[in-house]
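What follows is the residue order along each chain.
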Amino acid sequence: GRAAAQDYDFFYLVLQWPGSYCDTKQSCCYPKSGKPAADFGIHGLWPNRDDGSYPQNCDPDAAFNPSKVSDLLSSLRAKWPTLACPTNDGLRFWGHEWEKHGTCAENIFDEHSYFQTAISLRDQLRVLDALAAGGVNPDGGYYTLSQIKNAIRQGTGVEPFVECNRDESGNSQLYQLYFCVNASGDGFMQCPVSPGARACGNRIEFPAF
Ligand code: 5GP
Ligand code: 5GP
Ligand code: 5GP
(Lines give C-alpha, C1' and ligand atoms only; values in the text may rest on other atoms or scores of the structure.)
(Ligands and ions follow the chains in the order given, each with its own letter.)
Protein backbone atom coordinates (compact mmCIF):
# COMPACT_ATOMS: atom_id res chain seq x y z
CA GLY A 1 0.00 0.00 0.00
CA ARG A 2 0.90 3.67 0.04
CA ALA A 3 3.11 4.84 2.93
CA ALA A 4 1.49 7.11 5.50
CA ALA A 5 2.51 10.77 5.57
CA GLN A 6 5.48 11.78 7.70
CA ASP A 7 4.42 11.89 11.37
CA TYR A 8 7.77 12.78 12.96
CA ASP A 9 10.28 15.64 12.85
CA PHE A 10 13.69 13.94 13.15
CA PHE A 11 15.33 10.65 14.14
CA TYR A 12 17.39 9.53 17.08
CA LEU A 13 20.21 7.25 16.04
CA VAL A 14 20.81 5.37 19.30
CA LEU A 15 24.13 3.58 19.81
CA GLN A 16 24.88 1.26 22.71
CA TRP A 17 28.12 0.37 24.46
CA PRO A 18 28.08 -3.44 24.83
CA GLY A 19 30.25 -3.38 27.95
CA SER A 20 27.58 -1.37 29.76
CA TYR A 21 24.73 -3.61 28.62
CA CYS A 22 26.59 -6.66 29.87
CA ASP A 23 28.15 -5.66 33.20
CA THR A 24 24.77 -4.96 34.86
CA LYS A 25 22.88 -7.04 37.42
CA GLN A 26 20.84 -8.39 34.53
CA SER A 27 23.91 -9.46 32.53
CA CYS A 28 23.71 -10.30 28.79
CA CYS A 29 24.08 -13.06 26.23
CA TYR A 30 26.38 -12.98 23.23
CA PRO A 31 24.72 -13.57 19.88
CA LYS A 32 25.13 -16.85 18.00
CA SER A 33 27.76 -15.22 15.78
CA GLY A 34 30.01 -14.81 18.82
CA LYS A 35 31.21 -11.97 21.05
CA PRO A 36 30.69 -8.67 19.22
CA ALA A 37 33.56 -6.26 18.65
CA ALA A 38 34.44 -3.83 21.44
CA ASP A 39 32.73 -0.94 19.64
CA PHE A 40 29.47 0.96 19.74
CA GLY A 41 26.61 -1.00 18.19
CA ILE A 42 23.30 0.28 16.90
CA HIS A 43 20.22 0.07 19.11
CA GLY A 44 17.88 1.74 16.68
CA LEU A 45 16.95 4.59 14.36
CA TRP A 46 13.87 6.11 15.94
CA PRO A 47 11.51 8.64 14.36
CA ASN A 48 10.68 11.28 16.99
CA ARG A 49 8.66 14.49 17.27
CA ASP A 50 9.92 17.88 18.39
CA ASP A 51 7.66 17.71 21.46
CA GLY A 52 9.45 14.52 22.61
CA SER A 53 6.64 12.13 21.69
CA TYR A 54 7.05 9.48 19.02
CA PRO A 55 4.98 7.25 16.78
CA GLN A 56 5.41 3.49 17.06
CA ASN A 57 4.25 0.27 15.40
CA CYS A 58 2.88 2.17 12.43
CA ASP A 59 2.30 -0.58 9.86
CA PRO A 60 1.05 -4.00 10.95
CA ASP A 61 1.25 -5.07 7.30
CA ALA A 62 5.03 -4.60 7.14
CA ALA A 63 6.24 -7.52 9.28
CA PHE A 64 10.02 -7.91 9.31
CA ASN A 65 11.20 -10.12 6.48
CA PRO A 66 14.81 -11.30 6.88
CA SER A 67 15.09 -12.16 3.19
CA LYS A 68 14.85 -8.45 2.36
CA VAL A 69 18.08 -7.74 4.22
CA SER A 70 20.03 -10.88 3.33
CA ASP A 71 22.84 -8.80 1.80
CA LEU A 72 23.14 -6.79 5.04
CA LEU A 73 23.22 -9.66 7.53
CA SER A 74 26.97 -9.73 8.04
CA SER A 75 27.03 -5.95 8.59
CA LEU A 76 24.07 -6.21 10.95
CA ARG A 77 25.80 -8.93 12.97
CA ALA A 78 28.93 -6.78 13.25
CA LYS A 79 27.34 -3.36 13.78
CA TRP A 80 23.89 -4.04 15.23
CA PRO A 81 24.52 -7.03 17.50
CA THR A 82 21.90 -8.20 19.98
CA LEU A 83 23.02 -8.76 23.55
CA ALA A 84 19.68 -9.83 24.98
CA CYS A 85 19.18 -13.29 26.46
CA PRO A 86 18.67 -15.99 25.51
CA THR A 87 21.38 -16.10 22.85
CA ASN A 88 19.85 -15.60 19.42
CA ASP A 89 20.76 -14.62 15.88
CA GLY A 90 19.69 -10.96 16.07
CA LEU A 91 16.61 -11.34 13.88
CA ARG A 92 14.38 -10.70 16.89
CA PHE A 93 16.11 -7.42 17.75
CA TRP A 94 16.19 -6.20 14.14
CA GLY A 95 12.57 -7.25 13.64
CA HIS A 96 11.51 -5.41 16.78
CA GLU A 97 13.30 -2.21 15.71
CA TRP A 98 11.90 -2.30 12.17
CA GLU A 99 8.34 -3.00 13.30
CA LYS A 100 8.27 -0.57 16.24
CA HIS A 101 10.27 2.30 14.74
CA GLY A 102 11.14 1.71 11.09
CA THR A 103 7.53 1.26 9.99
CA CYS A 104 6.86 4.83 11.20
CA ALA A 105 9.21 6.21 8.54
CA GLU A 106 7.89 4.35 5.49
CA ASN A 107 7.53 7.73 3.79
CA ILE A 108 11.31 7.52 3.19
CA PHE A 109 12.39 3.98 4.08
CA ASP A 110 11.59 0.44 3.13
CA GLU A 111 12.98 -2.34 5.29
CA HIS A 112 16.25 -2.54 3.39
CA SER A 113 16.97 1.20 3.30
CA TYR A 114 16.05 1.54 6.99
CA PHE A 115 18.83 -0.84 8.02
CA GLN A 116 21.27 0.35 5.36
CA THR A 117 20.82 3.99 6.42
CA ALA A 118 21.31 3.26 10.11
CA ILE A 119 24.52 1.34 9.34
CA SER A 120 25.83 4.12 7.11
CA LEU A 121 25.07 6.82 9.71
CA ARG A 122 26.81 4.81 12.40
CA ASP A 123 29.85 4.28 10.16
CA GLN A 124 30.13 8.02 9.46
CA LEU A 125 30.48 8.80 13.17
CA ARG A 126 33.44 6.63 14.20
CA VAL A 127 32.55 7.43 17.80
CA LEU A 128 35.15 5.21 19.43
CA ASP A 129 37.93 6.97 17.47
CA ALA A 130 36.55 10.36 18.48
CA LEU A 131 36.50 9.36 22.14
CA ALA A 132 40.03 7.93 21.96
CA ALA A 133 41.33 11.13 20.35
CA GLY A 134 39.90 12.99 23.34
CA GLY A 135 41.54 10.63 25.81
CA VAL A 136 38.31 8.80 26.68
CA ASN A 137 38.84 5.04 26.49
CA PRO A 138 36.93 1.90 27.53
CA ASP A 139 39.44 1.09 30.23
CA GLY A 140 37.23 1.00 33.30
CA GLY A 141 38.25 4.57 34.12
CA TYR A 142 35.98 7.48 35.04
CA TYR A 143 35.23 10.56 32.95
CA THR A 144 33.08 13.67 33.28
CA LEU A 145 30.03 14.27 31.10
CA SER A 146 31.78 17.21 29.39
CA GLN A 147 34.90 15.15 28.65
CA ILE A 148 32.72 12.62 26.86
CA LYS A 149 30.53 15.13 25.02
CA ASN A 150 33.44 17.39 24.03
CA ALA A 151 35.47 14.49 22.67
CA ILE A 152 32.57 13.31 20.53
CA ARG A 153 31.74 16.83 19.34
CA GLN A 154 35.33 17.52 18.36
CA GLY A 155 35.75 14.19 16.58
CA THR A 156 32.39 13.91 14.83
CA GLY A 157 31.10 17.48 14.56
CA VAL A 158 27.92 16.63 16.44
CA GLU A 159 27.11 16.37 20.11
CA PRO A 160 25.06 13.44 21.36
CA PHE A 161 22.88 13.07 24.42
CA VAL A 162 24.60 10.64 26.78
CA GLU A 163 22.54 8.06 28.67
CA CYS A 164 23.95 6.15 31.61
CA ASN A 165 23.00 2.98 33.44
CA ARG A 166 24.55 1.27 36.45
CA ASP A 167 27.01 -1.57 36.67
CA GLU A 168 26.63 -4.39 39.18
CA SER A 169 28.23 -2.28 41.90
CA GLY A 170 25.96 0.70 41.23
CA ASN A 171 28.47 2.90 39.39
CA SER A 172 27.08 5.23 36.72
CA GLN A 173 28.46 4.27 33.31
CA LEU A 174 28.30 5.30 29.66
CA TYR A 175 25.49 3.22 28.15
CA GLN A 176 23.86 4.84 25.10
CA LEU A 177 24.49 7.81 22.80
CA TYR A 178 21.60 9.61 21.09
CA PHE A 179 22.50 11.41 17.85
CA CYS A 180 19.92 13.42 15.96
CA VAL A 181 19.36 12.90 12.24
CA ASN A 182 17.22 15.07 9.97
CA ALA A 183 13.80 13.92 8.76
CA SER A 184 15.24 12.89 5.38
CA GLY A 185 17.64 10.53 7.13
CA ASP A 186 20.63 11.92 5.27
CA GLY A 187 22.46 14.13 7.77
CA PHE A 188 23.10 14.80 11.43
CA MET A 189 21.59 17.82 13.13
CA GLN A 190 21.50 19.46 16.53
CA CYS A 191 18.85 17.74 18.67
CA PRO A 192 15.54 19.65 18.91
CA VAL A 193 14.72 17.94 22.22
CA SER A 194 16.47 15.68 24.73
CA PRO A 195 15.32 12.08 24.98
CA GLY A 196 13.67 10.97 28.20
CA ALA A 197 16.79 9.05 29.14
CA ARG A 198 18.51 8.28 32.41
CA ALA A 199 20.85 10.76 34.10
CA CYS A 200 24.62 10.32 34.40
CA GLY A 201 25.99 12.40 37.25
CA ASN A 202 29.47 13.72 36.70
CA ARG A 203 31.57 10.64 37.41
CA ILE A 204 30.96 8.26 34.56
CA GLU A 205 32.63 4.91 34.13
CA PHE A 206 33.58 3.67 30.65
CA PRO A 207 33.86 -0.08 31.19
CA ALA A 208 35.81 -2.44 28.99
CA PHE A 209 34.03 -5.04 26.87
P1 5GP B 1 13.24 -0.72 22.22
O2 5GP B 1 11.78 -1.07 22.26
O3 5GP B 1 13.70 -0.24 23.51
O4 5GP B 1 13.67 -0.09 20.95
O5 5GP B 1 14.01 -2.12 22.03
C6 5GP B 1 14.42 -2.87 23.08
C7 5GP B 1 13.93 -4.28 22.83
O8 5GP B 1 14.89 -5.00 22.07
C9 5GP B 1 13.74 -4.98 24.14
O10 5GP B 1 12.66 -5.86 24.01
C11 5GP B 1 15.03 -5.73 24.28
O12 5GP B 1 14.89 -6.90 25.03
C13 5GP B 1 15.38 -6.09 22.84
N14 5GP B 1 16.82 -6.23 22.61
C15 5GP B 1 17.40 -7.27 22.00
N16 5GP B 1 18.72 -7.12 21.94
C17 5GP B 1 18.99 -5.93 22.53
C18 5GP B 1 20.21 -5.22 22.77
O19 5GP B 1 21.32 -5.64 22.44
N20 5GP B 1 20.09 -4.03 23.40
C21 5GP B 1 18.88 -3.52 23.78
N22 5GP B 1 18.87 -2.32 24.39
N23 5GP B 1 17.73 -4.15 23.57
C24 5GP B 1 17.78 -5.36 22.95
P1 5GP C 1 22.24 21.84 30.37
O2 5GP C 1 21.07 21.80 29.43
O3 5GP C 1 22.25 23.04 31.27
O4 5GP C 1 23.56 21.53 29.73
O5 5GP C 1 22.02 20.60 31.35
C6 5GP C 1 20.88 20.51 32.13
C7 5GP C 1 20.94 19.19 32.87
O8 5GP C 1 20.97 18.13 31.95
C9 5GP C 1 22.19 19.07 33.75
O10 5GP C 1 21.86 18.38 34.92
C11 5GP C 1 23.11 18.22 32.89
O12 5GP C 1 23.96 17.45 33.70
C13 5GP C 1 22.13 17.35 32.15
N14 5GP C 1 22.69 16.93 30.85
C15 5GP C 1 23.15 17.71 29.85
N16 5GP C 1 23.58 16.95 28.82
C17 5GP C 1 23.37 15.66 29.20
C18 5GP C 1 23.63 14.42 28.59
O19 5GP C 1 24.13 14.29 27.45
N20 5GP C 1 23.29 13.32 29.29
C21 5GP C 1 22.72 13.39 30.52
N22 5GP C 1 22.39 12.23 31.10
N23 5GP C 1 22.45 14.54 31.14
C24 5GP C 1 22.79 15.67 30.48
P1 5GP D 1 13.47 2.38 27.80
O2 5GP D 1 12.38 2.00 28.73
O3 5GP D 1 14.53 1.35 27.62
O4 5GP D 1 14.01 3.78 27.98
O5 5GP D 1 12.78 2.49 26.39
C6 5GP D 1 12.06 1.45 25.86
C7 5GP D 1 11.86 1.66 24.40
O8 5GP D 1 11.02 2.81 24.15
C9 5GP D 1 13.13 1.99 23.61
O10 5GP D 1 13.87 0.86 23.26
C11 5GP D 1 12.56 2.64 22.41
O12 5GP D 1 12.02 1.68 21.55
C13 5GP D 1 11.47 3.47 22.99
N14 5GP D 1 11.91 4.83 23.37
C15 5GP D 1 12.35 5.25 24.60
N16 5GP D 1 12.63 6.55 24.59
C17 5GP D 1 12.40 6.99 23.32
C18 5GP D 1 12.49 8.26 22.67
O19 5GP D 1 12.87 9.28 23.25
N20 5GP D 1 12.16 8.30 21.37
C21 5GP D 1 11.75 7.20 20.69
N22 5GP D 1 11.45 7.34 19.39
N23 5GP D 1 11.62 6.00 21.26
C24 5GP D 1 11.94 5.89 22.55
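Residues numbered from 1 in each chain as written. Chains lettered and ligands numbered in written order. Predicted model: local features only at pLDDT ≥ 70, side-chain atom pairs only at ≥ 80, totals over all residues. Heavy atoms only, no water.

J.: I'm lost on the pairing of strand S4 (residues 161-166) in this one. Help?
T.: Looking along a regular strand, one sees the side chains alternate between the two faces of the sheet. Bridge count between S4 and strand S5 (residues 172-182): six bridges; the pairing is antiparallel. Considered in S5, the bridge of valine 162 is made with leucine 177. The loop that links S4 with its antiparallel partner S5 comprises five residues; one of these, glycine 170, has a positive phi angle of about 95 degrees. (Pairing = 2+ DSSP bridges. Helix = DSSP H or I, 4+ residues; strand = E, 2+ residues; numbered from the N terminus.)

J.: Before we go on, may I ask you to explain the site of ligand 2 in this structure?
T.: Around ligand 2 lies a shell formed by Leu145, Lys149, Phe161, Val162, Arg198, Ala199 and Cys200. Contact distances for ligand 2 include 2.5 Å between an oxygen atom and a side-chain N or O atom of lysine 149. In isolation ligand 2 exposes 500 Å². Once the protein is present, 39% of that is buried. Elements with a contribution of two residues or more to the shell around ligand 2: helix H6 (145-156) and S4. For the shell around ligand 2, the class distribution of residues is five nonpolar, no polar and two charged. (Near = heavy atom within 4 Å. Polar contact = N/O pair within 3.5 Å; in protein donor to acceptor, adjacent residues only side chain to side chain. Areas by Shrake-Rupley, 256 points an atom, 1.4 Å probe, with all protein chains shown as cover. Nonpolar A, V, L, I, M, F, W, Y, C, P; charged D, E, K, R; others polar.)

J.: Quick question: what am I supposed to make of the nonpolar core here?
T.: Proteins that are soluble and globular tend to have nonpolar side chains buried together. In terms of nonpolar packing, the biggest core is built from 49 residues, with Phe40 and Phe115 touching the most fellow members. Ranked by residues supplied to this core, first place goes to helix H4 (residues 111-125) with six residues. Apart from residues no more than four positions distant in its own chain, phenylalanine 115 is found in contact with Phe64, Val69, Leu72, Leu76, Trp80, Trp94 and Trp98. If you look at the next biggest cluster of nonpolar residues, it comprises six residues, including Tyr12, Trp46, Tyr178 and Cys180. (Core = buried A, V, L, I, M, F, W, Y, C linked by side-chain atoms within 4.5 Å. Buried < 20%, exposed > 50% of the residue type's maximum accessible area, 1.4 Å probe, protein only. Contact = heavy atoms within 4.5 Å.)

J.: Mind showing me how you'd approach the packing of aromatic side chains here?
T.: What describes a pair of aromatic rings is the distance from one ring centre to the other and the angle between the planes of the rings. Inspection of the entire model under this criterion finds 17 aromatic pairs. A ring pair is formed by tryptophan 80 and phenylalanine 115, whose centres lie 5.1 Å apart and whose planes are at 50 degrees; its orientation type is tilted. With a gap of 35 residues between them, tryptophan 80 in the loop between helix H2 (73-79) and helix H3 (91-100) and phenylalanine 115 in helix H4 connect regions that are remote in the sequence. Residue phenylalanine 115 is classed as buried on the basis of its relative accessible area, which comes to 0%. These aromatic residues form a ring-pair network of at least three members: Tyr8, Phe11, Phe64, Trp80, Trp98, Phe109, Tyr114 and Phe115. A cation over an aromatic ring shows up here: lysine 35 above the ring of phenylalanine 209, its NZ or CZ 4.5 Å from the ring centre. Sitting over the face of the ring of tyrosine 142, arginine 203 holds its NZ or CZ atom 3.8 Å from the ring centroid. (Phe/Tyr/Trp six-rings, centres within 6.5 Å; stacked < 30°, edge-to-face > 60°. Lys NZ or Arg CZ within 6 Å of the ring centre and 35° of its normal.)

J.: I keep staring at the site of ligand 1 and nothing clicks. Help me out?
T.: The full set close to ligand 1 counts 14 residues, and Gln16, Thr82, Leu83, His96 and Glu97 are the nearest of them. In this structure, glutamine 16 approaches ligand 1 through a side-chain N or O atom, which is 2.9 Å from a nitrogen atom. Contact between ligand 1 and histidine 43: an oxygen atom at 3.3 Å from a side-chain N or O atom of the residue. Residue assignment for the shell around ligand 1 shows that the elements contributing at least two residues are strand S2 (41-48) and H3. Here the element with the most residues in the shell around ligand 1 is H3; it accounts for four residues. A class-by-class count of the residues in the shell around ligand 1 yields seven nonpolar, five polar and two charged.

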